[in-house]
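Spelled out, the chains give:
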Amino acid sequence: MGKARRNRVRVRDNADPLAAPSKPPSDPELAALREQKILPVLAELRNSDPRARATAANAIFGLLGDDKCRRLLLREQLLRLLLKESLADSNPEVRATGWDIIKSVAEKEDSGFCIHLYRQEILPAIEFAVGTLSETLESTEVPFERTTKAQQAIVWKIATSICSLLGALGEAQDDILEAITNNKNITNFVLSLLAREIIDADTLDECLSCAMTLTEDNPPLAEALASSPAFDLLTRLKNLDGSTSVLVCGVLHNVFAALEWNDNSPGKGGATDEILIRRLARTIQDYKPGNAANRTGEWVAPDEIASLALEILASIASGVQDTLTGGKLAGPSKGKGRGRGRGKPRGHRGAQEDEEMGDDVMDDDDDMPSDIDESDSEMDDDEMAEDMDLVTGADEEDSGIDDLPTLVSFLDKAFPQVLRLASPSSQSHPSPEIQVHAVSVLNNLSWSLACVEFAEGQSEGLFKVWAPHAKEIWDRVVNETLDSDTNDLDLATEVTSLAWAVAKALGGKLAIGEGQHQKFISLYQATKKMASTVENGQPAPTDTQDPFQSLGVKCIGALGQLARDPAPLPLNRDIGTFLLTTISFLPETAPAEVVEALNQVFDIYGDEELACDEVFWKDNFLKHLEEALPKTRKMLKGIHKNEPRLKELRDRAEEVVMNLERFVQYKKKHRPS
């Protein structure tokens, strides 16, 4: 048996890693910078004089903005020095600046730094620090409000840095988020800050930002927040003006989403996303591009505030689908009594019910039958309000969606403001990023509504409400963006996805201008030029991990939707020819685009009873599909089975190849005589 191999490097017991100097960099400029700035300030950070250490800590913080200095500081084991000495320094100013340094580095470096921090046992250091802070804030012997302004400033500075750091750590890795959630001392500290009536404004904003990160898709922490005193305070803070209220809305929305509080199952006090929409809509209504807010701090930029409000609205819009698929449209109306306190009575009947009862409504001059007792005709307040709505036609635009107060509020309050920012012709002239965010909100909302089977009777009222909004989106966002020939790939991708969703929801009710489909074909062809540019060694304008989220796939989806019955046959022929041409270009065509094109062909020409079946046979589409079969099989073999990133592509490609074989056989059997 061979001898066990000894470790190549042996570390002496109790060796101080900070005592061993690192090797100087080979670059002369960096070596000089290290000797002149880095080593002296690090030596001062270990000075026996507390004031010298405080000065050195502040100097180090000032060097972090320079990438070279920051990397040299980290190379000289700054993090070890902070964790081992500065965070436990007898001078509170050194401790505060030490946390500020770590927070600042975490903001400037990528997520790998936070993962490294976690492995260096930063959570125990945070737990110890928040314990000390909690004792100071909750002390009964010396109430915090009676301490000096300087002492309070240090406490808030440390708390702000720790909250920022927790948010960065939670965002870096799921395992770290789980570790933070399971540490009750840390989470209780965050919740206690949120529950304080008197708190530093910057600390509150950073704590809210931290909570927004930690509560996302995190039911345990969301439940803890909902059952804490912080929840009631946050529901009041959401109505304030300024950036803080937007952060509050972000936290509350994450709580509602994690706990599945929606119109089907409202939460504490009837809480749903409906209570957040007014504040978010007001924020983007007050958005003025280029104007700075009155207060100072991280959340000054109006673009950043508006972006956050739009991101929350986009998430709320996605959540509408969960409500719609949760049974609201499947059963009888439960609108009576819902949404009270919103300033108007609820419980109006749907359009179909109004139609059935219309003939039974008596005129004022009609005599009441004598066999009806007068007392039987007395109505309670709800019945009287319901009866008045029938007579006056109040809230006709909400008819059919009374059980969806979040959607009603969204369409009433947020939709006009979002549409304004998404429209290229808007007088607001938002930044490109804001416009993309606004289109994303409409995109999410449109897809939530596109998932509803509007052909079903129960959703007729919803379609009547949504159709005018969808047509307005098409005219003011889709048409105008396509007419502008935008070079913004992100915007084009969002708008094309939006067009796909709107076309899917409206179906034959969408009237498009002559030749408008050619703009999507041109946009698709532009993506091919972009791909060839990348192949020539130039960088791609964007990189998407999901091939089905590419602009090319979305162009195909939107075109396929426009070609469906009852589309005019010339339009159907143009789009059908485009789809088959795209498939025929294999292997040049991306597999995801082929998958989508084939699926669109199946949906368009799958029913031989439709008028477009004539196009399928007259233009000999079957022959082109038969020719595509060997190409698609070869395409499938080229998608690696064991590549996790390609699993969905592989699965969907397998399915579409199998369906193509069946589709060809089916069409052969149903060839018109």
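See the structure printed just above.
Below or above, wherever it landed, is the structure these notes cover. Being a predicted model, the structure only gives us computed values, none of them experimental.

## Examining the overall build of the protein
Thinking step 1. Of regular secondary structure, the protein possesses 29 helices and zero strands.
Thinking step 2. Across the protein, contacts joining residues at least 24 apart in sequence account for 75% of those joining residues at least 6 apart.
Thinking step 3. Within the structure as shown, the protein displays about 34,800 Å² of accessible surface, and the carbon and sulfur contribution to it stands at 48%.

## Notes on the nonpolar core
Thinking step 1. Counting 199 residues, the largest nonpolar core has Ile126, Leu169, Leu194 and Leu445 as the members making the most contacts within it.
Thinking step 2. Split by domain, this core shows at least three residues from each of two domains, domain 1 (260-290 + 301-324 + 400-478) and domain 2 (512-532 + 544-672).
Thinking step 3. The residues touching isoleucine 126, leaving out its near neighbours within four places in the chain, are Trp99, Ile162, Leu165, Leu166, Leu169 and Ile186.

## Structural notes on empty space enclosed by the protein
Thinking step 1. In the structure shown here, the tally under the stated rule is one cavity of 30 Å³ or more.
Thinking step 2. In this model, the largest cavity occupies a volume close to 40 Å³.
Thinking step 3. If you go around the largest cavity, the residues you meet are Thr187, Val190, Leu191, Ala211, Leu214, Thr215, Leu221 and Leu225.
Thinking step 4. Of all elements in the fold, only helix 10 (184-194), helix 11 (201-215) and helix 12 (219-226) reach the threshold of two or more residues within the lining of the largest cavity.
Thinking step 5. Class assignment of the residues belonging to the lining of the largest cavity gives a composition of six nonpolar, two polar and no charged.

## Structural notes on the pattern of salt bridges
Thinking step 1. Overall, the coordinates contain 31 salt bridges when judged by the stated rule.
Thinking step 2. Here arginine 51 and aspartate 49 are joined by a salt bridge, their closest N and O atoms 4.0 Å apart.
Thinking step 3. A salt bridge links arginine 476 to glutamate 472, with the shortest nitrogen-to-oxygen separation between them at 3.7 Å. Here the residue arginine 476 and the residue glutamate 472 both occupy positions in helix 21 (residues 460-483), the gap between them amounting to four residues, near one helical turn.
Thinking step 4. Given a relative accessible area of 30%, arginine 476 falls into the partly exposed group.
Thinking step 5. Linked by salt bridges that have partners in common, Asp67, Arg70, Arg71 and Glu109 make up one network.

## Quick notes on the packing of helix 7 (residues 122-137) against helix 10
Helix packing geometry: the angle between the two helix axes and the distance between the axes.
Thinking step 1. Where helix 7 contacts helix 10, the axes come no closer than 9 Å and their chain directions differ by 40°. Our classification of the angle between helix 7 and helix 10 gives oblique. Considering how the two elements wind past one another, helix 7 and helix 10 form a crossing that is left-handed. The segment helix 7 lies against helix 10, with Leu123, Ile126, Glu127, Val130, Leu133, Ser134 and Leu137 engaging Asn185, Ile186, Phe189 and Leu193.
Thinking step 2. Partitioned by chemical class, the residues of the contact of helix 7 with helix 10 number eight nonpolar, two polar and one charged.

## With respect to the side chain of lysine 238
Thinking step 1. Of note, lysine 238 is situated in the loop between helix 13 (229-237) and helix 14 (243-258).
Thinking step 2. One buried charged residue, lysine 238, remains without a salt bridge, the closest side chain of opposite sign being glutamate 274 at 10 Å.
Thinking step 3. Polar contacts involving the side chain of lysine 238 include one to the main-chain carbonyl oxygen of threonine 235, which spans 2.9 Å.
Thinking step 4. Residues within four places of lysine 238 in sequence aside, it is in contact with Ser245, Val248, Cys249, Leu252, Ile275, Leu276 and Arg279.

## Concerning the environment of leucine 233
Thinking step 1. Position of leucine 233 relative to the elements: it lies in helix 13.
Thinking step 2. Ignoring any residue separated from it by four or fewer positions in sequence, one finds leucine 233 in contact with Leu194, Ala195, Arg196 and Glu197.

## Re unusual backbone geometry
Thinking step 1. The step from aspartate 565 to proline 566 runs through a cis peptide bond, and the omega angle for that step is 10°.
Thinking step 2. Note that proline 566 resides in the loop between helix 24 (551-562) and helix 25 (569-584).
Thinking step 3. The peptide bond linking leucine 586 to proline 587 adopts the cis configuration, its omega dihedral lying at 5°.
Thinking step 4. Within the secondary structure layout, proline 587 lies in the loop between helix 25 and helix 26 (591-605).
Thinking step 5. For glutamine 77, which is not a glycine, the phi torsion comes out positive at approximately 65°.
Thinking step 6. Within the secondary structure, glutamine 77 sits in the loop between helix 3 (67-75) and helix 4 (78-84).
Thinking step 7. Taking relative accessible area as the criterion, glutamine 77 reaches 24% and is therefore assigned partly exposed.

Calculation criteria
Residues numbered from 1 in each chain as written. Predicted model: local features only at pLDDT ≥ 70, side-chain atom pairs only at ≥ 80, totals over all residues. Heavy atoms only, no water. Helix = DSSP H or I, 4+ residues; strand = E, 2+ residues; numbered from the N terminus. Contact = heavy atoms within 4.5 Å. Areas by Shrake-Rupley, 256 points an atom, 1.4 Å probe, with all protein chains shown as cover. Core = buried A, V, L, I, M, F, W, Y, C linked by side-chain atoms within 4.5 Å. Buried < 20%, exposed > 50% of the residue type's maximum accessible area, 1.4 Å probe, protein only. Domains from an automatic or database assignment. 1 Å grid on protein atoms, 1.4 Å probe; cavity = no way out; pocket = protein on both sides within 12 Å on 5 of 7 lines; lining within 4 Å. Points joined across faces, edges and corners; volume = space filled by probe spheres on them. Nonpolar A, V, L, I, M, F, W, Y, C, P; charged D, E, K, R; others polar. Salt bridge = Lys/Arg side-chain N within 4 Å of Asp/Glu carboxyl O. Axes fitted to C-alpha atoms, helices over the stretch in contact; angles between N-to-C directions. Parallel < 35°, antiparallel > 145°, perpendicular 65-115°, else oblique. Left-handed = near helix turned anticlockwise from the far one by under 90°. Lys, Arg positive; Asp, Glu negative; His and termini not counted. Polar contact = N/O pair within 3.5 Å; in protein donor to acceptor, adjacent residues only side chain to side chain.

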